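Close look at the chain arrangement
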Amino acid sequence: MAGRLLLLLVALLVLAGLAAIWISGNPAWSGAGITGISCGEPFIRSGNLNLEGSPEPGKPVELVYSVESARIGENISLEVVLPEGIRLKSGDLRRAGPVPVGGTVGIRSMVAVETPGDWIITAWAGPAAEPRLSGDVLFISASKEKCLAGKIPLSLTPVREGAGNPRQEYLIAFREYNPRYKTIILMLPGMDFLGDTSYGDQNKPAIRVTAARDQITVIRQLDFVLTAYASPSGAATNSGADSMLVRNILISAALIIVAAVVFWVIAKII
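In short, a report on the structure. Since this is a predicted model, take the numbers as computed values, not measurements.

1. Looking at the sheet that holds strand β5 (residues 94-98)
An order of β5-β3-β7-β8-β9 is seen for the five strands of this open sheet, with the pairing classed as antiparallel. Lying at the two open borders of the sheet, with one neighbouring strand each, are β5 and β9 (147-150). Pairs of neighbouring strands in the sheet enclose a mean axial angle of 15°, with direction left out of account. Of the pairings in the sheet, the one linking strand β3 (residues 75-81) to strand β7 (residues 117-126) comprises five bridges and is antiparallel in character. Within β7, the position partnered with L78 by the bridge is A125.

This is the structure:
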């Protein structure tokens, strides 16, 4: 009787292990998209990234990122990420420390738009455990004669589609999972969302979109974009999910074999 109970216990443990492995590798159960339940006052009340003044090509303008938090005395980190065409002239792009009395903390710096093009400045804030808890963006479109800046992508130069700027399907993969990344990407005008997927063997979160080539050129400058490439056929975009499925099947098969050997050994002992 004791032997049978032991055998049953081992079988239950093995089955529980198989279930845990399968669920942990399945995107539907991985917790993607779940940021947790927040009780009480949120860590970040608001955050705003903006320019103090009108930008002009090559001339410094003040960039301000201001964040409000009710967590007085708790550590907070702020970071502003500049794209390739915008240079830091003075000031800081990062700050870390306790939230001061009053709850407002910020970064001020002088930047200059030095290269014509459509640019996106991103800003992030949050506690040490989740430094990108909150984000904001600033869109800048610059030519040799003028600069346009705004909080909405309508301020960007309209994208002209054609033979030199074809519209097609692209895969955009992120360095890590963060729902704010997808929000920023889909804010761009003319970016049509096709679906969520994963990227390659790295199983990185990714989205499929249709867009013009010039739009993808802007997307590639973002610090959280791992890769962005044309994907005329949707087959390649599912490679990450397929590799994860194969991995789960192989692990499950190996555990079943191990369980069978354990059962055989226990049966011999009993």
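2. Describing the pairing of strand β10 (residues 167-174)
A large share of β10 lies buried, amounting to six of its eight residues. Where β10 lies against strand β12 (residues 204-212), seven bridges are found, and the strand directions are antiparallel. When the bridges of β12 are listed, E169 appears paired with T210.

3. Here's the deal with the packing of aromatic side chains
Applying the stated criterion to the full structure yields six aromatic pairs. An angle of 70° between the planes, with centres 6.0 Å apart, marks the rings of F174 and F224 as edge-to-face. Taken together, the residues F174 in strand β10 and F224 in the loop between α3 (213-219) and β13 (225-230) connect sequence positions 50 residues apart. For the pair F174 and F224, a shared accessibility class is recorded, and that class is buried. These aromatic residues form a ring-pair network of at least three members: W124, F174, Y181 and F224.

4. Quick look at the pairing of β12
Where strand β11 (residues 192-199) lies against β12, seven bridges are found, and the strand directions are antiparallel. Across the sheet, the residue bridging to D196 is I207, located in β12. Counting the residues that bridge the hairpin from β11 to β12 gives four residues, and of these G200 lies at a positive phi of roughly 55°.

5. With respect to the environment of N50
By secondary structure assignment, the location of N50 is in strand β1 (residues 46-52). Sequence separation between N50 and L138 is 88 residues; the distance between their C-alpha atoms is 6.7 Å. Leave out the neighbours within four places in its chain, and N50 touches E62, L63, V64, L138 and K151.

6. Examining the environment of P131
Mapped onto the fold, P131 is located in the loop between β7 and β8 (134-142). Its relative accessible area of 39% is what places P131 among the partly exposed residues. Counting along the chain gives 55 residues from P131 to I76, while the straight-line C-alpha distance between them is 7.7 Å. Excluding residues that lie within four positions of it along the chain, P131 makes contacts with S77, W124, A125 and G126.

7. Remarks on helix α2 (residues 179-186)
Taken as a whole, α2 has its buried residues at Y181, I184 and I185. Buried residues along α2 cover an arc of 100° about the axis, so they all sit on one side. Looking at the buried residues of α2, the elements they touch are β7, β8, β10, β12, α3 and β13. Sitting at the amino-terminal end of α2 is N178, which places a side-chain oxygen 3.0 Å from the backbone nitrogen of R180.

8. Considering the side chain of D136
Secondary-structure assignment places D136 in strand β8. Within the structure, the side chain of D136 is placed 2.6 Å from the side chain of K151, a separation counted as a polar contact. If we skip the residues at most four places from it in the chain, D136 touches G47, N48, L49, Y65, I121, T122, A123 and K151.

9. Some remarks on the sheet that holds β1
If you walk across this open sheet you meet the four strands as β1-β2-β6-β4, and the pairing is antiparallel. Strands at the two margins of the open sheet, each flanked by one partner only, are β1 and β4 (86-91). When the angles between neighbouring strand axes are averaged without regard to direction, this sheet yields 30°. Strand direction decides the pairing type here: strand β2 (residues 61-68) and strand β6 (residues 104-113), joined by eight bridges, are antiparallel. The partner of E68 across the bridge, within β6, is T104.

10. Overview of the nonpolar core
Counting 27 residues, the largest nonpolar core has L63, V80 and I121 as its most contacted members. When residues no more than four places from it in sequence are discounted, the contact partners of V80 are L49, L63, Y65, L93, I121, T122 and A123. Counting 24 residues, the second largest nonpolar core, distinct from the first, contains F174, I185, L188 and M191.

About the criteria used
- Residues numbered from 1 in each chain as written.
- Predicted model: local features only at pLDDT ≥ 70, side-chain atom pairs only at ≥ 80, totals over all residues.
- Heavy atoms only, no water.
- Pairing = 2+ DSSP bridges.
- Helix = DSSP H or I, 4+ residues; strand = E, 2+ residues; numbered from the N terminus.
- Axes fitted to C-alpha atoms, helices over the stretch in contact; angles between N-to-C directions.
- Buried < 20%, exposed > 50% of the residue type's maximum accessible area, 1.4 Å probe, protein only.
- Phe/Tyr/Trp six-rings, centres within 6.5 Å; stacked < 30°, edge-to-face > 60°.
- Contact = heavy atoms within 4.5 Å.
- Arc of directions from axis to C-beta.
- Polar contact = N/O pair within 3.5 Å; in protein donor to acceptor, adjacent residues only side chain to side chain.
- Core = buried A, V, L, I, M, F, W, Y, C linked by side-chain atoms within 4.5 Å.

On their own, these measurements won't tell you what the molecule is for.
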